[in-house]
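# Coordinates in review
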Amino acid sequence: MTRPSDRQDIQHDPSRLQLFLTELFAVQNLAIVATVREQQPFTNLVAFAATNDLKHLVFATRRETRKFANLSKNPSVAMTIDNRRNITKDFSEATAVMAIGTAEEVTGPEKETLLAIYVAKHPGLKTFVSAPSCALIRIDVAKYDIVKQFQSVVELQMPSGP
């Protein structure tokens, strides 16, 4: 099976970068989300999903969590998704993607659309994400930094707008 990191020559082709991200996001269920509290970074493991156009990442959290409080005060956020397997080859083959953007709780009709995407990827979390105490968070991605072999960095700017 070809892993997304096995693809070559994607670095300067935005359409291939987007295909790479789509494939990576399809096989990875968890991500690290970084929020800010009193000028200090805080990270948490979350289950995530991406929209088809890659402009948005979505995760769920309870409203009483520290990350929700952090995002309510400062919507700046980063999310890291990688393909490491905790094996020696990771040093030469692993790829990490950092999405940088702003986060907001989703409400109204948009919530139903993003909730369907999230639950399709994580059917086991349907009860959790549907609870009144749970917030669905949308990250509006400004850019992706794709890092391969710990030093090869490619940036993919995302167009703004819906």
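Presented here is a report on the structure given in the accompanying data block. Given the structure is predicted, the values throughout are model-derived calculations rather than measurements. (Residues numbered from 1 in each chain as written. Predicted model: local features only at pLDDT ≥ 70, side-chain atom pairs only at ≥ 80, totals over all residues. Heavy atoms only, no water.)

In regular strands, side chains alternate between the two faces of the sheet. Only one face of strand β7 (residues 152-157) is buried, namely the one carrying S152, V154 and L156, since none of V153, E155 and Q157 on the opposite face is buried. Across six bridges, strand β6 (residues 134-148) lies against β7 in antiparallel orientation. Note that in β7 the partner of Y144 across the bridge is L156. Where β6 hands over to β7, the hairpin turn is made up of three residues, of which Q149 adopts a positive phi near 50 degrees. (Buried < 20%, exposed > 50% of the residue type's maximum accessible area, 1.4 Å probe, protein only. Helix = DSSP H or I, 4+ residues; strand = E, 2+ residues; numbered from the N terminus. Pairing = 2+ DSSP bridges.)

Together, L30, I32 and L45 line one region of the surface with nonpolar side chains, adding up to about 270 Å² of accessible area. Position of L45 among the secondary structure elements: in strand β2 (residues 40-50). (Patch = residues over 30% accessible without salt bridge, like charges linked within 9 Å, V, L, I, M, F, W, Y side chains within 5 Å. Areas by Shrake-Rupley, 256 points an atom, 1.4 Å probe, with all protein chains shown as cover. Salt bridge = Lys/Arg side-chain N within 4 Å of Asp/Glu carboxyl O.)

Every buried residue belonging to helix α2 (residues 66-73) is among K67, F68, N70 and L71, and all of these are buried. For α2, the angular spread of buried residues about the axis comes to 160 degrees, placing them on one side. Those residues of α2 that are exposed and aimed more than 90 degrees away from the buried face are S72 and K73. For α2, the secondary structure elements touched by its buried residues are β1 (30-37), β2, β3 (56-62), β4 (76-82), β5 (95-105) and β6. (Arc of directions from axis to C-beta. Contact = heavy atoms within 4.5 Å.)

All told, the structure shown has eight salt bridges when counted by the stated rule. A salt bridge links R84 to D82, with the shortest nitrogen-to-oxygen separation between them at 2.5 Å. Using a relative accessible area of 17% as the deciding quantity, one classes D82 as buried. Here E93 ties to R85 by a salt bridge, and the two come within 3.5 Å at their closest N and O atoms. By relative accessible area, which is 41% here, R85 ends up partly exposed. Residues joined by salt bridges that share partners form a network here, namely E104, E110, R138 and D140.

So, about the side chain of H56. Within the secondary structure, H56 sits in strand β3. Take H56: its relative accessible area is 13%, and that puts it in the buried class. The contact partners of H56, leaving out residues within four places of it in the chain, are A49, A50, T51, R138, I139, D140 and V141.

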